[in-house]
Amino acid sequence: YSSVISVGSINSDYMLSSFSSAGPHQELVAPGGYDMSSGGNMQSIYSTLPNNSYGNMNGTSMASPHVAGLAGLLFSVNPCMTNVAARDILQQNVVDLGSSGLDPLFGYGLIQAHEAVIAALPPVLSIQSISDETCFGCNDGGITAMMLNGYGNGTFTLYDSFGFTVATGTSAPNYPVSVYNLTAGVYTVSVTDALGCNSSANITINQIQIVYGCTDPLATNYDPIATIDDSSCITVVNGCTDPTACN
């Protein structure tokens, strides 16, 4: 059945167990132990047994629960997880054994729980930087944001304080997206991953006044490219910057 994940068994030498299934439908492998009748070392899987007990077992029945348990972890860390996405994450986070890529003995490879769970985490919006508007009407504010974690590409949306869409963009996880030419105000930044999980934050772009310098050509601190703030000028009087001095 196309919806079933076929799981094979490997031993501690990363070899396919002698009792394991194999074939074109093999998708993943997990620890299942040795076939003791073949003379292998005692490397079995500690598992639950009937009558509320535990014991060591070998078999694909030991390998398959590893994959099922990991799939359960993926759903536990992400409320938006789907069976299609979970299967893709399991396939993408493996140690490739045997022939490169998908092969009939090991499938995509040996499952990796830590990497798979990290890949399944829901998105977290990270505000990287905020640039304020430098004057009234300058429209030179900006914001840079990034989607941490998340499945697939993230769709970014910037809303103004009235809920109207100001800008949209798309980026892969951990790659920044920037919006420029913004006026001062309160905005909401939202990111949604391919599973529909969302993360958002409110940000404020302020309006600031830049003091450019002195525009008086007779002053000692004259700035030829200054445009405002003549209050910073130091006036020269007969070669002396102190008008009360005798020289």
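Look up a bit, the structure's there.
Residues numbered from 1 in each chain as written. Predicted model: local features only at pLDDT ≥ 70, side-chain atom pairs only at ≥ 80, totals over all residues. Heavy atoms only, no water.

Engineer: Any chance you could explain the sheet that holds strand β8 (residues 141-148) here in plain terms?
Structural biologist: Think of a sheet as strands paired side by side through backbone hydrogen bonds, with each pair either parallel or antiparallel. A sheet is described by the order of its strands in space; here 3 strands give the open sequence β7-β8-β11, paired in antiparallel fashion. Where the open sheet ends on each side, the last strands, each with one partner, are β7 (124-131) and β11 (176-182). Taking the axes of each pair of neighbouring strands and ignoring which way they run, one obtains an average angle of 20° across the sheet. (Pairing = 2+ DSSP bridges. Helix = DSSP H or I, 4+ residues; strand = E, 2+ residues; numbered from the N terminus. Axes fitted to C-alpha atoms, helices over the stretch in contact; angles between N-to-C directions.)

Engineer: What should I look at first to understand the state of the cysteines in this one?
Structural biologist: Here a disulfide denotes one covalent bond, and it connects the sulfur atoms of two cysteines. Inspection of the entire model under this criterion finds 1 disulfide. Each disulfide pairs two cysteine sulfurs, and for Cys 80 the partner residue is Cys 197, the sulfurs being separated by 2.0 Å. Between Cys 80 and Cys 197, the disulfide has an S-S torsion of 105° and is therefore right-handed. Highlighted residues: Cys 80 in the loop between α1 (60-77) and α2 (83-92) and Cys 197 in the loop between β12 (185-192) and β13 (198-205), separated in sequence by 117 residues. (Disulfide = S-S within 2.5 Å.)

Engineer: Just to check I follow, could you spell out the packing of α1 against helix α3 (residues 113-120) for this structure?
Structural biologist: If you want to describe how two helices pack, look at the angle between their axes and the distance between the axes. Across the interface, α1 lies against α3 with an axial gap of 9 Å and an inter-helix angle of 30°. The angle between α1 and α3 falls in the class roughly parallel. Relative to α3, α1 is oriented so that their crossing is right-handed. Counting all contacts with α1, which are made through Leu 70, Leu 73, Leu 74 and Val 77, the residues of α3 involved are Ala 113, Ala 116, Val 117 and Ala 120. Taken together, the residues of the contact of α1 with α3 break down into 8 nonpolar, no polar and no charged. (Parallel < 35°, antiparallel > 145°, perpendicular 65-115°, else oblique. Left-handed = near helix turned anticlockwise from the far one by under 90°. Contact = heavy atoms within 4.5 Å. Nonpolar A, V, L, I, M, F, W, Y, C, P; charged D, E, K, R; others polar.)

Engineer: What is the right way to look at α3 in this model?
Structural biologist: Along an α-helix, a turn takes 3.6 residues, which lines up residues three or four apart on a common side. Taken together, the buried positions of α3 are Ala 116, Val 117 and Ala 120. Burial along α3 is one-sided: seen end-on, the buried residues are contained in an arc of 95°. Here the buried face of α3 lies against α1 and α2. (Buried < 20%, exposed > 50% of the residue type's maximum accessible area, 1.4 Å probe, protein only. Arc of directions from axis to C-beta.)

Engineer: Hey, could you run me through the pattern of salt bridges in this one?
Structural biologist: Should their charged atoms come close, side chains of opposite charge can pair. Applying the stated criterion across every chain, the model contains 1 salt bridge. The salt bridge involving Glu 27 is made with Arg 87; its shortest N-O contact spans 2.7 Å. Taken as a pair, Glu 27 in strand β2 (residues 26-31) and Arg 87 in helix α2 lie far apart in primary sequence, 60 residues in all. For Glu 27, a relative accessible area of 7% gives the class buried. For Arg 87, a relative accessible area of 22% puts it in the partly exposed group. (Salt bridge = Lys/Arg side-chain N within 4 Å of Asp/Glu carboxyl O.)

Engineer: Which parts of the structure should I look at to understand empty space enclosed by the protein?
Structural biologist: The method is simple in principle: a probe with the dimensions of a water molecule rolls over the atoms, and the space it marks as empty is what remains. Within this structure, the stated rule accounts for 1 cavity of 30 Å³ or more. For the largest cavity, the calculated volume is near 90 Å³. Forming the walls of the largest cavity are Ile 143, Ala 145, Phe 156, Thr 157, Leu 158, Ala 167, Thr 168, Gly 169, Val 177, Val 179 and Val 189. Those elements giving two or more residues to the lining of the largest cavity turn out to be β8, β9 (154-159), β10 (165-171) and β11. For the lining of the largest cavity, a count of residues per class yields 8 nonpolar, 3 polar and no charged. (1 Å grid on protein atoms, 1.4 Å probe; cavity = no way out; pocket = protein on both sides within 12 Å on 5 of 7 lines; lining within 4 Å. Points joined across faces, edges and corners; volume = space filled by probe spheres on them.)

The values reported here are purely geometric and, on their own, carry no functional implication.
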